[in-house]
Amino acid sequence: MLSLLLAAVSQPINFDDLGLTRGIDLGFFTLRWYSLAYLAGIILAYWHTSKAIRTPGAPLAQRHADDLFFYCTLGIILGGRLGYATFYAPQLLTEPSELIKLWEGGMSFHGGLMGVVLAFAWVSWRGKLNFLRVADYVSVSVPFGMLFGRLANFVNGELWGRPAGPDVSWAIVFPDAGPLARHPSQLYEAGLEGLLLLIIMMLLFWKTRARFRPGLLAGTFTAGISAGRFVVEFFREPDAQLREFALSTGLSMGQWLTIPLFLVGLFFMVRALVRPPLGTTASPPPA
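Residues numbered from 1 in each chain as written. Predicted model: local features only at pLDDT ≥ 70, side-chain atom pairs only at ≥ 80, totals over all residues. Heavy atoms only, no water.

A. Spotlight on the pattern of salt bridges. Summed over all chains, the structure comprises 7 salt bridges. With a closest N to O distance of 3.3 Å, Glu237 and Arg182 form a salt bridge. With Glu237 in the loop between helix 9 (216-232) and helix 10 (243-249) and Arg182 in the loop between strand 4 (172-173) and helix 8 (185-207), this pair connects stretches of sequence that are 55 residues apart. On the accessibility criterion, Arg182 (9% relative accessible area) is buried. (Salt bridge = Lys/Arg side-chain N within 4 Å of Asp/Glu carboxyl O. Helix = DSSP H or I, 4+ residues; strand = E, 2+ residues; numbered from the N terminus. Buried < 20%, exposed > 50% of the residue type's maximum accessible area, 1.4 Å probe, protein only.)

Right under this line is the structure:
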């Protein structure tokens with residue numbers, strides 16, 4: 001009896017048994033969880049940044065935050081899609097009709113990050129703001145989007161992990177990934193790049209004087225999310241078209257792309273820590 005019970009418990013989880021749907025059916029239109037995840041991440045990031053810039057010594061005013069999130073949204077969408085096409089699916093660059101089909105999935109974190117950085121640079125230059133301090137204040141909120149985005153990936157049953165051994169009791173059989181039970185790597189990413197990093201960034205911003213060391217928060221975010229992504233890639237199944245690349249180089253494309261990001265983040269962390277912090281009476285942002 002005990003052996004039968006243990007055998008039943010050791011059975012992998014079937015994704016279809018979880019009762020998840022890919023969106024809300026409105027009859028004439030299905031509202032995708034993936035779209036709602038992007039929307040929730042942007043709204044929460046905007047809310048928190050608006051709250052953060054009301055603290056003493058903030059480097060930007062509300063009007064700058066309004067501009068910033070408009071351009072960041074564009075940067076996430078355009079950068080994420082173009083980054084995916086560049087790094088993971090180059091054939092999309094020659095098929096514009098397929099490239100614009102965002103609803104079919106295919107967004108690159110690294111491309112989205114580059115789009116956001118360009119948005120920071122544009123708003124900072126136009127408003128004569130300190131780029132690093134703007135990045136510090138906004139980077140605290142970015143893990144909101146990572147958390148909801150990876151949860152949406154899981155609900156969609158996409159970006160699944162590598163096959164898991166029999167000792168992984170939480171392994172899942174995904175409907176489009178064959179009969180093998182796999183790591184739910186989307187949840188690993190949601191935990192590391194989303195929830196854990198969000199807690200770290202919030203504590204640094206609200207419980208320490210990290211925001212008065214230009215580059216420290218942005219560097220922590222960059223290094224933290226890179227480290228989390230590097231670790232999770234050991235459990236995540238590489239894209240089909242890049243499987244041979246991962247086998248031949250020993251690391252996935254995602255891991256190779258995170259290495260320079262981690263070094264950049266580490267550089268700004270060290271740079272911020274060796275320089276004297278700003279005083280709490282920093283100059284107010286331009287009116």
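B. Summary view of the confidence of the model for the chain. Summing up the model confidence of the chain, the mean pLDDT is 85 and the portion of residues at 70 or higher is 87%. Within the chain, the lowest mean pLDDT, 43, falls on helix 1 (residues 2-9), and the highest, 97, falls on helix 8. (pLDDT = per-residue confidence, 0-100.)

C. Here's a closer look at unusual backbone geometry. In the Ramachandran plot, Lys128 falls in the positive-phi region, its phi being about 55° despite a non-glycine side chain. Mapped onto the elements of the fold, Lys128 is located in the loop between helix 5 (109-127) and helix 6 (131-139). Look at Lys128 and you get exposed, because its relative accessible area is 73%. A positive phi angle, close to 55°, is found at Leu159, a residue other than glycine.

D. Representation of the packing of helix 9 against helix 11 (residues 253-274) within the structure. Interaxial distance between helix 9 and helix 11 falls to 7 Å at its minimum, and their mutual angle equals 150°. Between helix 9 and helix 11, the interaxial angle falls into the category roughly antiparallel. Note that helix 9 runs across helix 11; the crossing there is left-handed. Residues Leu216, Gly219, Thr220, Thr222, Ala223, Ser226, Ala227, Arg229 and Phe230 of helix 9 form the contact with helix 11, whose own contacting residues are Gly254, Gln255, Thr258, Ile259, Leu261, Phe262, Gly265, Leu266, Phe268, Met269, Ala272 and Leu273. Considered class by class, the residues forming the contact of helix 9 with helix 11 number 12 nonpolar, 8 polar and 1 charged. (Axes fitted to C-alpha atoms, helices over the stretch in contact; angles between N-to-C directions. Parallel < 35°, antiparallel > 145°, perpendicular 65-115°, else oblique. Left-handed = near helix turned anticlockwise from the far one by under 90°. Contact = heavy atoms within 4.5 Å. Nonpolar A, V, L, I, M, F, W, Y, C, P; charged D, E, K, R; others polar.)

E. Looking closely at the packing of helix 5 against helix 11. Viewed as axis vectors pointing N to C, helix 5 and helix 11 meet at an angle of 30°, and their least axial separation amounts to 10 Å. When the axis of helix 5 is compared with that of helix 11, the two are roughly parallel. Side by side, helix 5 and helix 11 meet where Phe109, His110 and Leu113 of the first sit next to Gly254, Leu257, Thr258 and Leu261 of the second. The residue makeup of the contact of helix 5 with helix 11, split by class, is 4 nonpolar, 3 polar and no charged.

F. Structural context of the environment of Thr73. If you trace the backbone, Thr73 turns up in helix 3 (residues 62-87). It is 9.1 Å that separates the C-alpha atoms of Thr73 and Tyr38, two residues lying 35 residues apart in sequence.

G. Focus on the side chain of Thr258. The residue Thr258 is located in helix 11 in this model. For Thr258, a relative accessible area of 1% translates into the label buried. Every residue in contact with Thr258, bar those within four places of it in the chain, is listed here: His110, Ser226, Arg229 and Phe230.

H. A look at helix 2 (residues 33-52). With 20 residues, helix 2 extends 28 Å from end C-alpha to end C-alpha; this agrees with the ideal 28 Å at 1.5 Å per step. Within helix 2, the full set of buried residues consists of Tyr34, Ala37, Gly41, Ala45, His48, Thr49, Ser50 and Ala52. (Expected span 1.5 Å × (residues − 1).)

I. Molecular detail of a nonpolar patch on the surface. Judged by side-chain polarity, Trp256, Ile259, Phe262, Leu263, Leu266, Val270 and Val274 come together as a nonpolar surface patch covering roughly 620 Å² of accessible area. With respect to the secondary-structure elements, Val270 resides in helix 11. (Patch = residues over 30% accessible without salt bridge, like charges linked within 9 Å, V, L, I, M, F, W, Y side chains within 5 Å. Areas by Shrake-Rupley, 256 points an atom, 1.4 Å probe, with all protein chains shown as cover.)

J. Spotlight on the packing of aromatic side chains. Under the criterion given, the structure shown has 14 aromatic pairs. Seen from their ring centres, Tyr46 and Phe69 are 5.6 Å apart, and the 85° between their planes marks the pair as edge-to-face. In this pair, Tyr46 is assigned in helix 2 and Phe69 in helix 3, connecting sequence segments 23 residues apart. On the accessibility criterion, Tyr46 (32% relative accessible area) is partly exposed. Feature note: the residues Phe15, Phe154, Trp160 and Phe174 constitute an aromatic cluster, connected by ring pairs. A cation over an aromatic ring shows up here: Lys51 above the ring of Trp206, its NZ or CZ 5.4 Å from the ring centre. The ring of Phe205 carries Arg211 above its face, with NZ or CZ at 5.0 Å from the centroid. (Phe/Tyr/Trp six-rings, centres within 6.5 Å; stacked < 30°, edge-to-face > 60°. Lys NZ or Arg CZ within 6 Å of the ring centre and 35° of its normal.)

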